[in-house]
Number of protein chains: 2
Amino acid sequence: MNIDMIHAAAKRIKGHGRVTPLLSSPYLDDIAGRKLLVKPECLQHTGSFKFRGAWSAISALSDDERKRGVIAFSSGNHAQGIPYAAAHFGAPSVVVMPSDAPALKIENTRALGAEVILYDRETEDRDEIGAKIAGDRALTLIKPFDNPQVIAGQGTIGLEIAEQAKDFGVTSGDVLVCCGGGGLTSGIALALEEQAPNMRARPVEPEGYDDVCRSLARGAIQRNEKQSGGLCDAIITPQPGELTFPIMRRLCGPGIVVTEEEVLKAMALIFQRLKVVAEPGGAVAVAAALFHADEIEGDNVIALISGGNVDGEVFKRALESI
Amino acid sequence: MNIDMIHAAAKRIKGHGRVTPLLSSPYLDDIAGRKLLVKPECLQHTGSFKFRGAWSAISALSDDERKRGVIAFSSGNHAQGIPYAAAHFGAPSVVVMPSDAPALKIENTRALGAEVILYDRETEDRDEIGAKIAGDRALTLIKPFDNPQVIAGQGTIGLEIAEQAKDFGVTSGDVLVCCGGGGLTSGIALALEEQAPNMRARPVEPEGYDDVCRSLARGAIQRNEKQSGGLCDAIITPQPGELTFPIMRRLCGPGIVVTEEEVLKAMALIFQRLKVVAEPGGAVAVAAALFHADEIEGDNVIALISGGNVDGEVFKRALESI
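Please read these numbers as outputs of a predicted model, since none were measured by experiment. What you see as residue numbers is a count from 1 along each chain, following the sequence as written. Numbering of ligands from 1 and lettering of chains from A proceed in the order in which they are written. Side-chain atom pairs in this predicted model are given and counted only at pLDDT of 80 or more, local residue features only at pLDDT of at least 70, and totals for whole chains, interfaces and linings cover all residues.

J.: Explanation requested: the domain arrangement of chain A in the structure shown.
T.: Residue and element names in this part refer to chain A. For the domain bounds, the source is a domain assignment made automatically or taken from a database. Each domain of chain A was delimited in the assignment, giving domain 1 (3-49 + 148-319) and domain 2 (51-141). On a C-alpha basis, the centroid separation for the pair domain 1 and domain 2 is 23 Å. The partner domain 2 presents 23 residues to the 26 residues of domain 1 that form the contact. Helix and strand definitions follow DSSP, with helices as H or I runs of at least four residues and strands as E runs of at least two, each counted in order from the N terminus. Those elements that place two or more of their residues in the side of domain 1 that touches domain 2 are α1 (3-13) and α8 (148-166). In this description, any two residues whose backbone-derived C-beta atoms lie within 7 Å of each other are considered to be in contact.

J.: So what exactly am I meant to see when it comes to helix α12 (residues 260-274) of chain B here?
T.: Along an α-helix, a turn takes 3.6 residues, which lines up residues three or four apart on a common side. For a helix, the expected span equals 1.5 Å multiplied by the residue count minus one. The end-to-end C-alpha distance of α12 of chain B, which contains 15 residues, comes to 20 Å, matching closely the 21 Å that a straight helix rising 1.5 Å per residue would cover. For the exposure call, what matters is how many other C-beta atoms sit within 10 Å of a residue's own: 20 or more marks it buried, 12 or fewer exposed, and in between partly exposed, using C-beta atoms placed from the backbone. Across the 15 residues that make up α12 of chain B, a large majority, 13, are buried.

J.: Just checking my understanding: could you explain the pairing of strand β1 (residues 35-40) of chain B for this structure?
T.: Each regular strand carries side chains that alternate between the two faces of the sheet. Residues and elements named next belong to chain B. Most of β1 sits out of view: 5 of its 6 residues are buried. Note on pairing: DSSP must find at least two bridges between two strands before they are called paired. Where β1 and strand β9 (residues 300-305) come together, 6 bridges link them in parallel fashion. If you follow Lys39 over to β9, its bridge partner there is Leu304.

J.: What should I look at first to understand the packing of helix α14 (residues 312-319) of chain A against helix α14 (residues 312-319) of chain B in this one?
T.: Packed helix pairs are characterised by how far apart their axes lie and by the angle those axes make with each other. Only the stretch in contact is used when fitting a helix axis, every axis being a line fitted to C-alpha atoms; angles between N-to-C directions are given from 0 to 180 degrees. Contact geometry for α14 of chain A and α14 of chain B: axes closest at 10 Å, N-to-C directions at 170 degrees. Taken together, the axis directions place α14 of chain A and α14 of chain B in an arrangement best described as roughly antiparallel. Of the residues in α14 of chain B, those touching α14 of chain A at Gly312, Phe315, Lys316 and Leu319 of chain A are Gly312, Phe315, Lys316 and Leu319 of chain B. Broken down by class, the residue content of the contact of α14 of chain A with α14 of chain B amounts to 4 nonpolar, 2 polar and 2 charged. Note that the term roughly parallel is reserved for angles under 35 degrees, roughly antiparallel for angles over 145, roughly perpendicular for angles of 65 to 115, and oblique for everything else. Throughout this entry, Asp, Glu, Lys and Arg are counted as charged residues, while Ala, Val, Leu, Ile, Met, Phe, Trp, Tyr, Cys and Pro are counted as nonpolar. The remaining residues, Gly among them, count as polar.

J.: Explain the relation of the copies chain A and chain B to me, please; I cannot follow it from the model alone.
T.: Each copy of the chain is related to the other by a rotation around an axis and a translation along that axis. Residues below a pLDDT of 70 in either copy are left out; the C-alpha atoms of the rest, at least 70 in both, set the least-squares superposition of the copies. Overlaying chain A on chain B yields an RMSD of 0.0 Å, the required transformation being a rotation through 180 degrees with an accompanying axial translation of 0.0 Å. Considering both components of the superposition, the chain copies are consistent with a two-fold axis. The C-alpha atom lying nearest the rotation axis in chain A is that of Val276 of chain A; the distance is 2.1 Å. Of the interface residues in chain A, 100% have counterparts in chain B that sit at the interface too, so the contact is made through matching surfaces.

Structural data, given as structure tokens:
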């Protein structure tokens, strides 16, 4: 896993993925107490950054592997990225999803052409289920974060941030990243190490699901007690990845933990001031920028919105929060 | 008023305005029955395309004119573009707004530094009010659409559409434009005439406020009976402009009229599939693309989202519509 893989992934994605802009608002700067630049990956194909990792991984497979097909297990957004990219390359796709994922995500995954297999997040092990089906059908398993090509794909966001921030005169500062298993965070950290060495990636997680923040503080992988039930479903994972954790440990600043109330308020402010749609898990980094200013260093901060796949009912709750 | 003014405006705006992307979704293509490309000007500074016209007009003033200040009257979005641009150039700004404009827009206009003067849309004449204050204080009146530099600024969107659509292999088709007084529609039409002669701008208006559509059909300027009360407040104007109508008459295809129910559904689909926030008036063109397919020609259609400045309550109504 190295920076060359990120540059190579960027070449494979070019012309297929969207280069999402950097947005800002004087109103949000006021709340954050510094210049806040927001990278809305909710505008990416399939409504989240997961398109990039999926495209990177599937575009790197051999013709023979693509012909046999791919399998993924995901809380939702990877589950849309995989069939979207698979369909482009003519590869069949199977997606193993938790049965409590938002209805819209399950529906979209099917509509994109994937065979969907549901499992119970509390009682069943998705790794076991995925491995068994992959073995039976000779499918290539594409893990949602612990896969070098997936990390490389997510890292392309770091290349874009380094380049786009220059237009705002910004070359240093904290880059806050919505963090599940750490694929996005570690990919961005690797890209920044080379392209913007004065920027530092920092994971942001919701209260109760802060495995990466605790793991970084402790210097060793920690697990979450709960595996489901949180508002921020898109970024709930059991623990940091085996590949992603060492990268984050080497390169990332301390994590930031936000409350669900802060997440809902951030979603409403993103709606009101930036005019984009953030899902709860996608809003944690902006929530940290707005409501944890004392934990952030420097005159500028950059925050990712990782995705926008949210049901109308949850979004209405967010609108009622301010 | 000519194409050179649009190119000149593009140069003055470059580096200050956002180049909004072209978005698409396979789900929306299915509903539209053809490829639908959406230009989300809700992502522009101040949440609407009006930034462009305001910046173009104020950047074209003399130092002396800027020092004395500018005045504008607007149903809301021009009222944010003007103080935003005025503040950048150090010019004082006065904005005359209807008292029934969304609270968020009035509040934002004040926050951007403008002096706000409210009037009653049913009983008072904003032209008279604006002209009197402008005369008393020697301010330069910047009309929301009947001003050549404003039309030139809005026209820069047409330059971007012509260029960006090429990346999708699209060089012909209807370009549906949310239409109030016709500044945006006529500016885009002029830009397309030179840059994409096989594309044709077409105004879209809400039922009951279809002055431009009727004027084009009749070949002469027609007025709306009602001046307020509609859901699509941002694009409600008494009649087409004296400058904009001849341009639209020469270059535009027939107008399309959409219902408020279609507008709310379009807002919800834009939320769900494109992850951006459209205000009601900003969603009329996408509503036409989705629900008036039989009135549109060709395999591709391009639709503007003109703005995203919508109150949470109205947005919740939209989310409940699908």
